[in-house]
Amino acid sequence: MERTELETDIFTWINKVREDPECLVLALEGRKLRFVEGTTKMRLTESIFVDTNEGVAAIDEAIEFLENMAEQVENGEKSYELLSWSDEAAANTKLHVMKNCA
């Protein structure tokens, strides 16, 4: 079964996060700056906004998850929440774990 470019990109990012969960924390911190203070509206361009369900709270939750995952990686533990799905997907698409989040 051939994967789409989007699926391949998703699997690549999952593998990056598996190896270095903190690589996305800075990007997420930057994403928080796009929100209109005190609202759930995120700025996409100077004049275009999207209304999210949770706003900054969802990003904070994701950052906390990634930081906890980073601790597991440092301690030699595996985060099975990401591993079980992406291992199979990576094997199917012959993707390799990426070491950097660039």
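Sequence order as written defines residue numbering, which begins from 1 separately in each chain. Owing to the predicted nature of the model, reporting of local features is limited to residues with pLDDT of at least 70; listing and counting of side-chain atom pairs is limited to 80 or more, with chain, interface and lining totals taken over all residues. Only hydrogens and water are set aside; all other atoms, that is, all heavy atoms of the structure, feed into the side-chain values.

J.: So what exactly am I meant to see when it comes to the overall build of the chain here?
T.: Across its full length, the chain carries 4 helices and 2 strands. Ordered by position from N to C terminus, the α and β elements of the chain give α-α-β-β-α-α. Classification of residues uses two cut-offs on accessible area relative to the type maximum, computed with a 1.4 Å probe and protein chains only: under 20% is buried, over 50% is exposed, and between them is partly exposed. A total of 102 residues make up the chain; the buried ones form 25% of that total. Restricting the contact set of the chain to residue pairs at least 6 apart, pairs at least 24 apart contribute 65%. Only carbon and sulfur atoms are counted for the fraction: they give 51% of the accessible area of the chain, which is about 7400 Å². Helix and strand definitions here come from DSSP, where helices need a minimum of 4 consecutive H or I residues and strands a minimum of 2 consecutive E residues; each element is numbered from the N-terminal end. Throughout, a contact is declared for two residues whenever any of their heavy atoms are within 4.5 Å. Using the Shrake-Rupley algorithm and a 1.4 Å probe, accessible areas are obtained, with residue cover drawn only from the displayed protein chains.

J.: Looking at this model, I keep getting lost on the nonpolar core. Mind explaining?
T.: Side chains of nonpolar character tend, in soluble globular proteins, to be buried together. By nonpolar core is meant a set of buried Ala, Val, Leu, Ile, Met, Phe, Trp, Tyr and Cys residues that side-chain atoms within 4.5 Å join together. Grouped together as the largest cluster of nonpolar side chains are 8 residues: Val-17, Val-25, Phe-35, Met-42, Ile-59, Ile-63, Leu-66 and Met-69. Take this core: its biggest share by element is 4 residues, from helix α3 (residues 56–74). Beyond its immediate sequence surroundings of up to four residues, Leu-66 is in contact with Val-17, Pro-21, Leu-24, Val-25 and Leu-28.

J.: When you look at the packing of aromatic side chains in this model, what are you seeing that I'm missing?
T.: Two aromatic rings, taken as a pair, are described by how far apart their centres are and by the angle between their planes. We call Phe, Tyr and Trp rings a pair once their centres come within 6.5 Å, taking the six-membered ring for Trp, and we label the pair stacked below 30 degrees between planes, edge-to-face above 60, and tilted otherwise. Under the counting rule described, the total for this entry stands at 0 aromatic pairs. Here, over-ring charges are defined by two tests on the NZ atom of lysine or the CZ atom of arginine: distance to the ring centre within 6 Å, and angle to the ring normal within 35 degrees. The ring of Trp-13 has Lys-16 lying over it, and the distance from NZ or CZ to the ring centre is 4.2 Å.

J.: Teacher, can you tell me more about the packing of helix α2 (residues 25–32) against α3 here?
T.: Geometrically, a packed helix pair is captured by the angle between its two axes and the distance between the axes. Comment: axis = line fitted to C-alpha atoms, over the contacting stretch for helices; angle = value between 0 and 180 degrees taken between N-to-C directions. Closest axis-to-axis distance for the α2/α3 pair is 10 Å, and the angle between their directions is 165°. One finds that α2 runs roughly antiparallel with respect to α3. Remark: the crossing between α2 and α3 carries left-handed chirality. Where α2 abuts α3, its residues Val-25, Leu-28, Glu-29, Arg-31 and Lys-32 lie against Val-56, Ile-59, Asp-60, Ala-62, Ile-63, Leu-66 and Glu-67. Residue composition of the contact of α2 with α3, by class: 7 nonpolar, no polar and 5 charged. Any angle between 65 and 115 degrees counts as roughly perpendicular, while under 35 counts as roughly parallel, over 145 as roughly antiparallel, and the rest as oblique. It is the rotation of the near helix from the far one that decides the hand of a crossing: anticlockwise by less than a right angle makes it left-handed, clockwise makes it right-handed. Residue polarity follows a fixed list, in which Ala, Val, Leu, Ile, Met, Phe, Trp, Tyr, Cys and Pro are nonpolar, Asp, Glu, Lys and Arg are charged, and the others, Gly among them, are polar.

J.: Looking at this structure, I do not really get the pattern of salt bridges. What am I missing?
T.: A pair can form between side chains of opposite charge whenever their charged atoms are brought close. Just to be clear on terms, a salt bridge is a Lys or Arg side-chain nitrogen sitting within 4 Å of an Asp or Glu carboxyl oxygen. One pass over the full model with this rule turns up 4 salt bridges. Across the pair Lys-41 and Asp-51 runs a salt bridge whose closest N-O atoms are separated by 4.0 Å. In this pair, Lys-41 is assigned in strand β1 (residues 41–43) and Asp-51 in strand β2 (residues 49–51), connecting sequence segments 10 residues apart. Residue class for Lys-41 comes out partly exposed when judged on its relative accessible area of 38%.

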